[in-house]
Amino acid sequence: MMFAVSDFRGDALQAVTVARNEVVKFLRSRKFVLFGALVAAMLVLTTALPYLLGDGISGSAGDVFSNYMGYTLLLVLLGATLFASYTIVSEFEERTALILFTRPIRRSTVFVGKFVACFVLTGAVMVAYYIVAVAVAFAVTGGLVTSFLPSMAMCLAYVFATTGVAMLISSVMKKGGTAAILTFVTILLLISVVSAVISASGTDPWFMLDTASNAVTNSIPEYVESSNAMMGELGQELGVSVDGSMVEVADCVKSGAVMIAWGVATLALSYIAFSRREF
């Protein structure tokens, strides 16, 4: 028993080392600079454009906060594309795995460390994004947003799921560029196409990743209200009767469970592919 505990502790320490090295590698790369610049640009533009083009930011703290949430899914997707889609395939493409796998370290430990690095890096950036959005809402309105925690929890669940999808693709591809493109297209387009086909057949695609990910924004009451109001106004302009409650507040428990299930399933498949992969 003591031997098993010692082995587990050693594997955990090695996984932490792999994760730390992976984070440092990403922080020093142009990918992180690009990701950080895109996140910063989204924050600056969302804050500055209302003042440059109109009377500035108005509404309640929740209204101001919801203005920043429309980009969260895209930012998470970019994080998965820039980091998780490269993390495994790069070891084989750059032949660094020849050195890594000659050391006394299990592949499962390497895999866990790489996953932790990708999840923590993307998740940390998104948490910082939320904190800035809440801070701006407080600075402008003097009110504290109370609905950001469910949305942030759903965002982290989406980070978990997209990291799993990206690592699965990374585990079977031979080129990092190909893995990145396929990750972006799969999450942004292919999964949505499958959901559309399922919906057209009369079945609710609640179990699809893109449907569950809507909880990131639809868990915010102010976002739901503004979306329904916008749809109602658009319907009036087009002369079409639009139901004023087309967008509903998300069921965070169900949506979160779906995204976690996607992450667990894709990570399991990714590890199987990674553990069997040879040069």
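Overview of the structure. No experiment lies behind these values; they were computed from the predicted model shown.

What follows concerns the packing of aromatic side chains. Tallied over the full model, the rule gives 11 aromatic pairs. On the basis of an interplanar angle of 80° and a centroid distance of 6.3 Å, the ring pair of F92 and F274 is categorised as edge-to-face. Of this pair, F92 sits in helix α5 (residues 89-93) while F274 sits in helix α13 (residues 252-276); the two residues are 182 residues apart in sequence, bridging distant segments of the chain. On the basis of relative accessibility, which here comes to 1%, the residue F274 falls in the buried class. Taken together, F26, F32, F35 and F83 form an aromatic cluster joined through their ring pairs. We note K31 situated over the ring of Y86; from NZ or CZ to the ring centre the distance is 4.4 Å. Lying across the ring of F274, R107 places its NZ or CZ 5.6 Å from the centre.

Along its 25 residues, helix α8 (residues 148-172) runs 36 Å from first to last C-alpha, staying within 8% of the 36 Å computed at 1.5 Å per residue. The element α8 is extensively covered by neighbouring structure, given that 18 of its 25 residues are classed as buried.

Quick look at the environment of M208 now. Within the secondary structure, M208 is located in the loop between α9 (176-200) and α10 (209-213). The class of M208 is buried, set by a relative accessible area of 8%. The residues contacting M208, other than those within four sequence positions of it, are I191, V194, S195, I198, V258 and W262.

Our focus in this paragraph is the packing of helix α7 (residues 107-141) against α13. Packed helix pairs are specified by the crossing angle of their axes together with the interaxial distance, meaning the distance between the axes. Across the interface, α7 lies against α13 with an axial gap of 10 Å and an inter-helix angle of 135°. Of the possible angle classes, the one that applies to α7 and α13 is oblique. As for how α7 packs across α13, the hand of that crossing is right-handed. Of the residues in α13, those in contact with R107, S108, V110, F111 and F115 of α7 are L267, S270, Y271, F274, S275 and R276. Across the contact of α7 with α13, the residue classes tally to 6 nonpolar, 3 polar and 2 charged.

Rules of the game
- Residues numbered from 1 in each chain as written.
- Predicted model: local features only at pLDDT ≥ 70, side-chain atom pairs only at ≥ 80, totals over all residues.
- Heavy atoms only, no water.
- Phe/Tyr/Trp six-rings, centres within 6.5 Å; stacked < 30°, edge-to-face > 60°.
- Helix = DSSP H or I, 4+ residues; strand = E, 2+ residues; numbered from the N terminus.
- Buried < 20%, exposed > 50% of the residue type's maximum accessible area, 1.4 Å probe, protein only.
- Lys NZ or Arg CZ within 6 Å of the ring centre and 35° of its normal.
- Expected span 1.5 Å × (residues − 1).
- Contact = heavy atoms within 4.5 Å.
- Axes fitted to C-alpha atoms, helices over the stretch in contact; angles between N-to-C directions.
- Parallel < 35°, antiparallel > 145°, perpendicular 65-115°, else oblique.
- Left-handed = near helix turned anticlockwise from the far one by under 90°.
- Nonpolar A, V, L, I, M, F, W, Y, C, P; charged D, E, K, R; others polar.

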